[in-house]
Amino acid sequence: MQTWMILLLWLMYLGLTANLQLSNLVVGLLIAVTLTAFLHPDPLRVDVRQAPGAAWSLARYVVVVAKDVIQGGIQVARLVLDPKLPVKPGVIAIPSGSESEWATALSAHAITLSPGAMVIEIGEHGMMYTHTLDTTHADESIAEMQRLRRDLLEKILPEE
Amino acid sequence: MDEILQLIAIIAVVAGTAFSTLGVLGFIRLPDVYTRLHATGKVGVFGVVLLLAATVAWTPLGWSKGLVLIIFLLLAGPVTSHALSSAAYRIGIPFATAVRDDLAESSEGGSPEEVAA
């Protein structure tokens, strides 16, 4: 069933229109149902029993990524403002540690979102080739962040 | 309440503009396309999101609209960075300076210079 997908699209429509009148609710629901009927997106599987745990993991994931992004932003700002421009760019291979395509893709998204690191290519077994501005100790720090992210993502995403 | 919202808006505008300026500065100073993408990515993440936060705090734009827009931006921004860098690597744009390159040593890679030749 596509119930969860319809609900998500409906919430997105209501968020974008910011209007809770009955007519708008009905129009939003119709649009969500029509879109799902015609586009057949992959159904969102939500296990209601595991939902609270997954939501908690999602909240922690957001906090972890936000912290990473802010740290990266400050680090890149200092690099850019430094008169000597001490960048040591390079490409390092980081294993995503997960065979799931979703977990790998979301990890790559989080890495690219934080300034100073960017996934160029994804190889076999979820190996992420990551371009970083400062390669000196990027290895351990990114790999450590990746383990944390993978553990959280595996709790968020339902088993395949 | 108005003062608090105004203060938040002012701080967000100043920080967002500062990060956008830093992004442009990095774009000018950094040596090659890959490192420059780091700087421009920062404009997308900090600059636009902070300016949107200020907009939500101090203009009639609804918070739900701002939230959905911020989520869309945060989802789509890294995709453009990745697509640009991946395309640049595949057409063989070399690194200006590279301390190490694990991708060239892997089976997936072939260094940019070799691909170009």
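Basis of the calculations
Residues numbered from 1 in each chain as written. Chains lettered and ligands numbered in written order. Predicted model: local features only at pLDDT ≥ 70, side-chain atom pairs only at ≥ 80, totals over all residues. Heavy atoms only, no water. Helix = DSSP H or I, 4+ residues; strand = E, 2+ residues; numbered from the N terminus. Buried < 20%, exposed > 50% of the residue type's maximum accessible area, 1.4 Å probe, protein only. Contact = heavy atoms within 4.5 Å. Areas by Shrake-Rupley, 256 points an atom, 1.4 Å probe, with all protein chains shown as cover. Rg over C-alpha atoms; globule rule 2.2 N^0.38 Å. Lys, Arg positive; Asp, Glu negative; His and termini not counted. Charge placed at Lys NZ, Arg CZ, Asp CG, Glu CD. Phe/Tyr/Trp six-rings, centres within 6.5 Å; stacked < 30°, edge-to-face > 60°. Lys NZ or Arg CZ within 6 Å of the ring centre and 35° of its normal. Patch = residues over 30% accessible without salt bridge, like charges linked within 9 Å, V, L, I, M, F, W, Y side chains within 5 Å. Salt bridge = Lys/Arg side-chain N within 4 Å of Asp/Glu carboxyl O. Buried area = accessible area lost by both parts, 1.4 Å probe. Polar contact = N/O pair within 3.5 Å; in protein donor to acceptor, adjacent residues only side chain to side chain. Pairing = 2+ DSSP bridges. Axes fitted to C-alpha atoms, helices over the stretch in contact; angles between N-to-C directions.

Draft legend 1. How the structure looks around the overall build of chain B. Helix and strand counts for chain B come out as five helices and zero strands. Listing the helices and strands of chain B from first to last along the sequence gives α-α-α-α-α. When the 117 residues of chain B are sorted by exposure, 36% land in the buried category. Intrachain contacts of chain B at a sequence separation of at least 6 include 52% that bridge at least 24 residues. Within the structure as shown, chain B displays about 6400 Å² of accessible surface, and the carbon and sulfur contribution to it stands at 74%.

Draft legend 2. Region of the structure containing the overall build of chain A. Across its full length, chain A carries five helices and three strands. Shown N-terminal to C-terminal, the secondary structure of chain A runs as helices and strands in the order α-α-α-β-α-β-β-α. Its C-alpha radius of gyration of 20 Å places chain A more than 25% over the 15 Å reference for a compact globule of 160 residues. Across its three principal directions, the C-alpha atoms of chain A cover 60 × 35 × 30 Å. Looking at chain A as a whole, 41% of its 160 residues are labelled buried. By sequence separation, contacts in chain A at least 24 residues apart represent 67% of the contacts at least 6 residues apart. Of the roughly 9300 Å² of accessible surface on chain A, 66% is carried by carbon and sulfur atoms. Across chain A, the centroid of the 11 positively charged side chains sits 9 Å from that of the 16 negatively charged ones.

Draft legend 3. Structural view of the packing of aromatic side chains. All names here are of chain B. Overall, the coordinates contain three aromatic pairs over all chains when judged by the stated rule. For the ring pair F19 and F46, a centre distance of 4.4 Å and an interplane angle of 15 degrees mean the geometry is stacked. Placement of the pair is F19 in helix 1 (residues 2-29) and F46 in helix 2 (residues 33-58), with a sequence separation of 27 residues. Residue classification places F19 among the buried positions, given a relative accessible area of 17%. With a centroid separation of 5.9 Å and an interplanar angle of 50 degrees, the aromatic rings of Y89 and F95 are classed as tilted. Members of the aromatic cluster, joined through ring pairs, are Y34, Y89 and F95. The aromatic ring of F27 is capped on one face by R36, whose charged end is 5.3 Å from the ring centroid.

Draft legend 4. Geometry of a nonpolar patch on the surface. A grouping of A:W4, A:L7, A:L8, A:L11, A:L44, A:V46 and A:V48 is seen on the molecular surface, where their side chains present a nonpolar patch of about 610 Å² in accessible area. Note that A:V46 resides in the loop between helix 2 (22-39) and helix 3 (51-81).

Draft legend 5. Just the interface of chain B and chain A, in detail. In this assembly, 37 residues from chain B lie in contact with 40 residues from chain A. Carbon and sulfur atoms supply 71% of the area buried between chain B and chain A, which totals about 3400 Å² over both sides. Between chain B and chain A we count one salt bridge in total. Between B:R90 and A:E121 there is a salt bridge, with the nearest N and O atoms lying 2.6 Å from each other. Elements supplying a minimum of two residues to the side of chain B that touches chain A: helix 1, helix 2, helix 3 (63-90) and helix 4 (102-105) of chain B. The biggest single contributor to the side of chain B that touches chain A is helix 3 of chain B, with 14 residues.

Draft legend 6. Highlighting the environment of A:H131. Tracing the chain through its elements places A:H131 in strand 3 (residues 127-132). It is 5.6 Å that separates the C-alpha atoms of A:H131 and A:G90, two residues lying 41 residues apart in sequence. Discounting residues that sit within four places of it in the chain, A:H131 has contacts with A:P89, A:G90, A:V91, A:G116, A:A117, A:M118, A:I120, B:Y34, B:T35, B:H38 and B:F95. Within the structure, the side chain of A:H131 is placed 2.9 Å from the side chain of B:H38, a separation counted as a polar contact.

Draft legend 7. Structural detail: unusual backbone geometry. All names here are of chain A. One non-glycine residue, A18, adopts positive backbone phi at about 50 degrees. Checked against the element boundaries, A18 lands in the loop between helix 1 (3-17) and helix 2. On the basis of relative accessibility, which here comes to 43%, the residue A18 falls in the partly exposed class.

Draft legend 8. Examining the sheet that holds strand 1 (residues 90-95) of chain A more closely. Read from one edge to the other, the open sheet built from three strands follows the order 1-3-2 (chain A), with strand pairing classed as antiparallel. Two strands bound the open sheet, and with one partner strand each, they are strand 1 and strand 2 (117-122) of chain A. Averaged over all pairs of adjacent strands, the angle between their axes in this sheet comes to 35 degrees, without regard to strand direction. Taken together, the five bridges between strand 2 of chain A and strand 3 of chain A define a ladder with antiparallel strand orientation. Of the residues in strand 3 of chain A, the one forming a bridge with A:V119 is A:T130. Where helix 4 (residues 101-113) of chain A meets the sheet, its contacts fall on strand 2 and strand 3 of chain A, and the angle it forms with strand 2 of chain A comes to roughly 145 degrees. Along the sheet, helix 2 of chain B makes contact with strand 2 and strand 3 of chain A, crossing strand 2 of chain A at roughly 125 degrees.

Note that all results are geometric; they support no functional claim without further evidence.
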